[in-house]
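Here is what each chain is made of, one letter per residue.
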Amino acid sequence: MSRRIAVYGAGSWGTAFSLVLADAGCEVTLWGRRQSVVDAINETRRNPDYVRGAAYLPEAVRATADPAEAARGAETVVLAVSAQHVRPLLEQWRESWGPRTVFLSLMKGVELATTKLMSEVVAETTGASPDRIAVLSGPNLAREVMLRKPAASVIACADESTAARIQAACHTSTFRCYTNTDVIGCELGGAVKNVIALAAGVCDGMCLGDNTKASLITRGLAEVTRLGVAMGADPLTFAGLAGMGDLVATCASALSRNYSFGRRIGMGMTVKDARALAEETAEGVASCKAVSALGERHGVELPITRAVTGMIHEGREPQDVMDALMARAAKAEV
């Protein structure tokens, strides 16, 4: 694995992962859309717009607003842009990359227009084969990673050797990765947990208590597992870092964008106002519709996802949604 890596996306997670890669000994070029962010990173070693007050970035991280410059000499490309905007960007940039470029997706969402997973979007737009497309998922709140607090994650790729090479490129004393070949399971875990985190935030915004939130998180895990199995994923994946691990972190932390967005909705704020306060994209806001569509396509019941879609996109009141969930017919747990 080349030690020269391009990271596309200078938001909180792209910035934090750049730090991880640099700590692991890689030379990193970080692409940012806004020149002001790029200049701040190069001049101050900080990203003040997205990870204020966190650790300084190592000198091995250099920022640029030129996507072609970021790609130059890099055999590994890390994608940390919005799931709903990545397709046109990849189509625009694909000539910058070589025929053996390896892609690592940090994106946790489902494309709304097509219900495609991010690995599928990368394959369609770049022509890369499955052995050159990997995904990373796990309980990785960006601010904690930037502060070098211990964290773990999963790198999934159809080719075990590719996953192992990426694993070596981002292994540090505070960031530990495991490998997996279940790309679908890892991606679904990362995408659906954002939807469940919106619901968890709503619960806390409504002051419903820990019993309610614990029940919701557990049933949310059941939802993603049912959908994953229907799509060919290994159910054991959802008991691991890309499933339960990511779900717990995202549903329990004020650092989570999706949890914070949902909490505002639970407190009575409109979706429009909640969007206005969000500093970065809460991927679950768009992905909930795509995940609902995936459930319908595969004949899988997703009551929490459907409830979130109703609140975010159909104007349903949180209390009405909660009442409807509790009124569902009683059934066996498994």
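Just so we're clear, the structure is a prediction, and the values are computed from it rather than from any experiment.

(A) How the structure looks around the overall build of the protein chain. Helix and strand content of the protein chain: 15 helices and eight strands. A compact globule built from 334 residues should have a C-alpha radius of gyration of about 20 Å, and the protein chain, at 19 Å, falls within 12% of that. In the protein chain, which comprises 334 residues, the proportion classed as buried is 57%. Surface summary for the protein chain: the accessible area is close to 14,000 Å², and the carbon and sulfur share equals 52%. Once the 35 positive and 36 negative side-chain charges of the protein chain are each reduced to a mean point, those two points are 2 Å apart.

(B) Local environment of the sheet that holds strand β2 (residues 27-31). Read across the sheet, eight strands follow the order β3-β2-β1-β4-β5-β6-β7-β8 without closing on themselves; strand pairing throughout is mixed. The open sheet is flanked by β3 (61-64) and β8 (175-180), the only strands paired with a single partner. On average, adjacent strands in this sheet sit at an angle of 25° to one another, irrespective of strand direction. Helix α5 (residues 118-126) contacts β4 (76-79), β5 (102-105) and β6 (133-137) of the sheet and is inclined by roughly 150° relative to β6.

(C) Just helix α9 (residues 210-230), in detail. The end-to-end C-alpha separation of α9 is 30 Å, in line with the 30 Å expected for 21 residues at 1.5 Å each. Restricting attention to buried positions, one finds in α9 the residues K213, L216, I217, G220, L221, A222, E223, V224, L227 and G228. Tucked into the core, α9 has its buried residues touching α8 (183-205), α10 (241-252), α11 (257-266), α13 (284-298) and α14 (303-313). One or two residues past the end of α9 sits G232, with phi positive at roughly 100°.

(D) View of the nonpolar core. With 44 residues, the main nonpolar core has L188, L227, F261 and V308 as its most contacted residues. Looking at this core, the element that brings in the most residues is α8, giving eleven residues. When near neighbours in sequence (up to four residues on either side) are disregarded, F261 contacts L198, V271, A274, R275, A282, V285 and I312. In this structure, I41, A55, L136 and A151 belong to the second largest nonpolar core, which totals 41 residues.

(E) Examining the state of the cysteines more closely. Within this structure, the stated rule accounts for zero disulfides. You can see C157 has no disulfide; the closest cysteine sulfur is in C186, sitting 11 Å from it. When its relative accessible area of 0% is taken as the criterion, C157 is described as buried. With no disulfide of its own, C203 lies closest to C251 among cysteine sulfurs, the gap being 9.2 Å. With relative accessibility at 1%, the residue C203 sits in the buried group.

(F) Summary view of the pairing of strand β1 (residues 4-8). By the criterion of burial, β1 is predominantly enclosed, with five of the five residues buried. Going residue by residue along β1, you find R4, A6 and Y8 tucked away on one face and I5 and V7 tucked away on the opposite face as well. Where β1 meets β2, five bridges bridge the pair, whose relative direction is parallel. Each bridged residue has a counterpart across the sheet, and for Y8 the counterpart in β2 is W31. Following the chain from β1 across helix α1 (residues 12-23) to the adjacent parallel β2, one finds a crossover that is right-handed.

(G) Spatial organisation of the packing of α9 against α14. The contact between α9 and α14 brings their axes to 8 Å, and the two run at 105°. When the interaxial angle is binned, α9 and α14 end up roughly perpendicular. Contacts between α9 and α14 involve L216, R219, G220, E223 and R226 on the former and, on the latter, P303, I304 and T305. Residue classes in the contact of α9 with α14 are distributed as three nonpolar, two polar and three charged.

(H) Up close: the packing of aromatic side chains. Evaluation of the coordinates by the stated rule reveals eight aromatic pairs. Arranged with centres 5.1 Å apart and planes meeting at 80°, the rings of W97 and F103 form a pair that is edge-to-face. Considered together, W97 and F103 belong to a single accessibility category, that of buried residues. Taking NZ or CZ as reference, R46 lies 3.8 Å from the ring centre of Y56, over its face.

(I) Fine view of unusual backbone geometry. The phi dihedral of R148 is positive, around 60°, even though this residue is not glycine. Checked against the element boundaries, R148 lands in the loop between α6 (142-146) and β7 (151-157). Even without glycine at this site, C207 takes up a positive phi of about 60°. On the secondary structure map, C207 appears in the loop between α8 and α9.

Calculation criteria
Residues numbered from 1 in each chain as written. Predicted model: local features only at pLDDT ≥ 70, side-chain atom pairs only at ≥ 80, totals over all residues. Heavy atoms only, no water. Helix = DSSP H or I, 4+ residues; strand = E, 2+ residues; numbered from the N terminus. Rg over C-alpha atoms; globule rule 2.2 N^0.38 Å. Buried < 20%, exposed > 50% of the residue type's maximum accessible area, 1.4 Å probe, protein only. Areas by Shrake-Rupley, 256 points an atom, 1.4 Å probe, with all protein chains shown as cover. Lys, Arg positive; Asp, Glu negative; His and termini not counted. Charge placed at Lys NZ, Arg CZ, Asp CG, Glu CD. Pairing = 2+ DSSP bridges. Axes fitted to C-alpha atoms, helices over the stretch in contact; angles between N-to-C directions. Contact = heavy atoms within 4.5 Å. Expected span 1.5 Å × (residues − 1). Core = buried A, V, L, I, M, F, W, Y, C linked by side-chain atoms within 4.5 Å. Disulfide = S-S within 2.5 Å. Right-handed = clockwise from strand over helix to strand, strands pointing away. Parallel < 35°, antiparallel > 145°, perpendicular 65-115°, else oblique. Nonpolar A, V, L, I, M, F, W, Y, C, P; charged D, E, K, R; others polar. Phe/Tyr/Trp six-rings, centres within 6.5 Å; stacked < 30°, edge-to-face > 60°. Lys NZ or Arg CZ within 6 Å of the ring centre and 35° of its normal.

Note that every value here comes from positions in space, so none of it alone points to a role or purpose.
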